Amino acid sequence: ALSLSMAGSALAFYLAAFQVHEKQILLPLLPLAMATPFLGPLPAAASHTLTALSILPLLSREGLSSRLVLATLGSVALLLAVSTPRRSLPRGAGAGMAAVGVLAAAFWSGPWSERYRDLHVFAVTAPCCVAFVAGYVAVVGEAWRRSGLVVAMAAAKEK
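The structure displayed is predicted, hence computed values, not measured ones. (Residues numbered from 1 in each chain as written. Predicted model: local features only at pLDDT ≥ 70, side-chain atom pairs only at ≥ 80, totals over all residues. Heavy atoms only, no water.)

*Asks:* Help me understand the overall build of the chain, please; the structure alone is not making it clear to me.
*Replies:* A count of helical and extended segments in the chain gives nine helices and zero strands. Listing the helices and strands of the chain from first to last along the sequence gives α-α-α-α-α-α-α-α-α. Looking at the chain as a whole, 33% of its 159 residues qualify as buried. The long-range share in the chain, meaning contacts at least 24 apart out of those at least 6 apart in sequence, stands at 68%. Carbon together with sulfur atoms contributes 69% to the accessible area of the chain, which is approximately 9,900 Å² in total. (Helix = DSSP H or I, 4+ residues; strand = E, 2+ residues; numbered from the N terminus. Buried < 20%, exposed > 50% of the residue type's maximum accessible area, 1.4 Å probe, protein only. Contact = heavy atoms within 4.5 Å. Areas by Shrake-Rupley, 256 points an atom, 1.4 Å probe, with all protein chains shown as cover.)

What follows is the structure in structure tokens.
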């Protein structure tokens, strides 16, 4: 439960920071990777993929987007290959990966208008932010469930 708590606090720090740099999302990845035995391989792989998608605009400006895609595919494949226990992918996994592909294609389609040059960047980073908030809620909920806090609260209500 310690790695889940660390992942939750790292995500909370990232999400609530006043001024966030794109690369700061790399800090919560270590506790999320450490929580892989508790959460399974899919959430860790999804967090790696979402992180890569969220820093895509930054690395694209530096000319490193193709290397980012290769590194992301390699890390997700390695994470899924070495993780135990082996679980089948849930139904929404394919749709989630397709959504990531659509968002990346939307970014690479370039500026959609001269007036709003950063609209395509926002179209990629805003869904990532929503996904990170959902991931934070899931990690904290799992930490609470594993700590027995939810059971203790339910027992206290019954008395």
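Now that the structure has been shown, the text picks up again.
*Asks:* Please clarify how the packing of helix α4 (residues 41–54) against helix α8 (residues 119–147) should be interpreted in this entry.
*Replies:* How two helices pack is summed up by the angle between their axes together with the distance between the axes. Where α4 contacts α8, the two axes come as close as 9 Å, and the packing angle between them is 150 degrees. Relative to α8, the element α4 lies roughly antiparallel. As α4 packs across α8, the resulting crossing turns out to be left-handed. Taking contact as the criterion, the partners of L50, T51, L53 and S54 in α4 are, on α8, V124, T125, C128, A131 and F132. Tallied by class, residues from the contact of α4 with α8 come to six nonpolar, three polar and no charged. (Axes fitted to C-alpha atoms, helices over the stretch in contact; angles between N-to-C directions. Parallel < 35°, antiparallel > 145°, perpendicular 65-115°, else oblique. Left-handed = near helix turned anticlockwise from the far one by under 90°. Nonpolar A, V, L, I, M, F, W, Y, C, P; charged D, E, K, R; others polar.)

*Asks:* Could you clarify how one ought to interpret the packing of helix α1 (residues 2–16) against α8 in this entry?
*Replies:* It is the contact of α1 with α8, at a shortest axis distance of 9 Å, that shows an interaxial angle of 150 degrees. For the element pair α1 / α8, the angle class is roughly antiparallel. Like other packed secondary-structure pairs, α1 and α8 cross with a definite hand, here left-handed. In this structure, α1 uses L4, S5, A7, G8, L11, A12, Y14 and L15 to contact α8, whose residues at the interface are F132, V133, G135, Y136, V139, V140, E142, A143 and R146.

*Asks:* Where do I start with α4 in this structure?
*Replies:* An α-helical turn contains 3.6 residues, so a residue and the one three or four places further along point in the same direction. Taking 1.5 Å of rise per residue, 14 residues should cover 20 Å, and α4 covers 20 Å from first to last C-alpha, within 8% of that figure. In terms of burial, α4 is largely enclosed, as ten of its 14 residues are buried. The set of residues buried in α4 consists of P41, A44, A45, S47, T49, L50, T51, A52, L53 and S54. (Expected span 1.5 Å × (residues − 1).)

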